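Residue strings, one per chain:
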Amino acid sequence: MSHQPLPLPAATGDAAVPPGSLWARMKADPQYAPEHLALDAVRRLGPEAAEWAARVRADRPGITPDELAALAVRNFTTLARLSGAISGVAGLPGAVLDVGVLAWTQARMVLHIAAAHGADPVAAERATDLLVLQRVHRVAETARTALGVAAGRERASRIFTGPQGGPLGGALVKLTVNLARMAGVRAARKVFAKLVPGAGVVLGTWVNSAATKDLARRAGDHYRNG
């Protein structure tokens, strides 16, 4: 008797948004926000991607890597559109939330694409892939160096306590810019649109979808070609 393949994770649940501990690290250390997000994504989302790919392959033995990856792309592109619509009128904090959730959703998608093509989604190298594919860094070597710095700063608990060296508004802007860059969104246009009620809903939905589809093409090419 045939079984339906395990559905991809829904828009709700613990994995759907960055955890509170990650938001705290990124807010405290916005310069390395993309690196913190990539490291946390592999730790938290990699096992989910591996389990999903194994289950779908078991249910559909003849499915090709490209077909499997396409399931992930469709699902996470939809989630990216929802992200833009949900937080589109929330002002600057909403813009931070939007680009953070978008970057997280895109990381989930890339890890699922990796698993679809046979790459281990829990391997440490996937964090490097995320930063290069999301164009935070041009080459893997600099991405690895930045990840090493971020990991060291994560272990140094002193950076999460005491004064942060600037007003909250400035930290939010810096965090937004870095996460928007990771998510493939032009930060300035995105933020200003968020401050205009209604405009951010339309722009957010379209921009999030376009950026996610563009990333999906790059990730597919990367893992398809080994």
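Just so it is clear, the structure is predicted and the values come from calculations on it, not from any experiment.

Undergrad: Would you mind going over the overall build of the protein with me for this structure?
TA: Counting secondary structure elements, the protein contains nine helices and zero strands. Of all 226 residues assigned to the protein, the portion counted as buried reaches 51%. Across the protein, the fraction of contacts at a sequence separation of at least 24, relative to all contacts at a separation of at least 6, is 77%. For the protein, the computed accessible surface area is about 10,700 Å², with 60% contributed by carbon and sulfur atoms.

Undergrad: Sorry if this is basic, but what is going on with the nonpolar core here?
TA: General note: in soluble globular proteins, nonpolar side chains tend to be found buried as a group. Ranked by internal contacts, the top residues of the largest apolar core, which has 59 residues, are Met 26, Leu 37, Leu 68 and Leu 179. Among the secondary structure elements, those contributing two or more residues to this core are helix 1 (20–28), helix 2 (33–59), helix 3 (65–86), helix 4 (91–116), helix 5 (125–133), helix 6 (140–155), helix 7 (168–183) and helix 9 (199–224). In terms of residue count, the dominant contributor to this core is helix 4 (13 residues). Ignoring sequence-local partners within four residues, the contact set of Met 26 consists of Ala 33, His 36, Leu 37, Leu 175 and Leu 179.

Undergrad: Can you walk me through the packing of helix 5 against helix 6 in this structure?
TA: Viewed as axis vectors pointing N to C, helix 5 and helix 6 meet at an angle of 115°, and their least axial separation amounts to 9 Å. Helix 6 is crossed by helix 5, and the crossing has right-handed handedness. Contacts between helix 5 and helix 6 involve Glu 125, Ala 127, Thr 128, Leu 131 and Val 132 on the former and, on the latter, Ala 140, Ala 143, Arg 144 and Leu 147. In terms of residue class, the contact of helix 5 with helix 6 is made up of six nonpolar, one polar and two charged.

Undergrad: Explain the pattern of salt bridges here, please?
TA: Note that side chains of opposite charge can pair when their charged atoms are close. This model, assessed by the stated rule, comprises 14 salt bridges. Between Asp 40 and Arg 25 there is a salt bridge, with its nearest N and O atoms 2.9 Å apart. Taken as a pair, Asp 40 in helix 2 and Arg 25 in helix 1 lie far apart in primary sequence, 15 residues in all. Judged by relative accessible area, Asp 40 falls into the buried class, the value being 2%. Accessibility expressed as a relative area gives 10% for Arg 25, which makes it buried. For Asp 214, the salt bridge identified is with Arg 217, shortest N-O distance 3.3 Å.

Undergrad: Sorry, what's going on with the confidence of the model for the protein here?
TA: Low pLDDT means the predicted coordinates in that region are not meant to be read closely. Looking at the protein as a whole, its pLDDT mean stands at 82, while 74% of the residues score no less than 70. Model confidence for the protein, summarised as mean pLDDT per element, is weakest for helix 8 (residues 187–194) at 50 and strongest for helix 5 at 98. Considering only residues more than four positions removed or in separate chains, one finds that residues 157–167, a stretch of pLDDT under 50, has nine contacts.

Undergrad: How do you make sense of helix 6 when you look at a structure like this?
TA: The periodicity of an α-helix, 3.6 residues per turn, causes residues three or four places apart in sequence to face the same way. In this model, helix 6 (16 residues) spans 22 Å end to end at C-alpha, consistent with the 22 Å of a helix rising 1.5 Å per residue. By the burial criterion, the buried members of helix 6 are Ala 143, Ala 146, Leu 147, Ala 150 and Ala 151. The buried side chains of helix 6 occupy one side of the element, clustering within an arc of 140° when seen end-on. Residues of helix 6 that are exposed and point over 90 degrees away from its buried face: Glu 141, Thr 145 and Arg 155.

Undergrad: Is there a simple way to think about unusual backbone geometry in this case?
TA: Generally, phi is negative for residues other than glycine and the peptide bonds are trans, each holding for most cases. The backbone phi angle of Arg 135 is positive, close to 60°, even though this residue is not glycine. With respect to the helices and strands, Arg 135 occurs in the loop between helix 5 and helix 6. For Arg 135, a relative accessible area of 54% gives the class exposed.

Undergrad: Explain the environment of Ala 54 to me, please; I cannot follow it from the model alone.
TA: Residue position: Ala 54 is located in helix 2. Placed 64 residues apart in sequence, Ala 54 and Gly 118 show a C-alpha to C-alpha distance of 9.9 Å.

Rules used in this analysis
- Residues numbered from 1 in each chain as written.
- Predicted model: local features only at pLDDT ≥ 70, side-chain atom pairs only at ≥ 80, totals over all residues.
- Heavy atoms only, no water.
- Helix = DSSP H or I, 4+ residues; strand = E, 2+ residues; numbered from the N terminus.
- Buried < 20%, exposed > 50% of the residue type's maximum accessible area, 1.4 Å probe, protein only.
- Contact = heavy atoms within 4.5 Å.
- Areas by Shrake-Rupley, 256 points an atom, 1.4 Å probe, with all protein chains shown as cover.
- Core = buried A, V, L, I, M, F, W, Y, C linked by side-chain atoms within 4.5 Å.
- Axes fitted to C-alpha atoms, helices over the stretch in contact; angles between N-to-C directions.
- Left-handed = near helix turned anticlockwise from the far one by under 90°.
- Nonpolar A, V, L, I, M, F, W, Y, C, P; charged D, E, K, R; others polar.
- Salt bridge = Lys/Arg side-chain N within 4 Å of Asp/Glu carboxyl O.
- pLDDT = per-residue confidence, 0-100.
- Expected span 1.5 Å × (residues − 1).
- Arc of directions from axis to C-beta.

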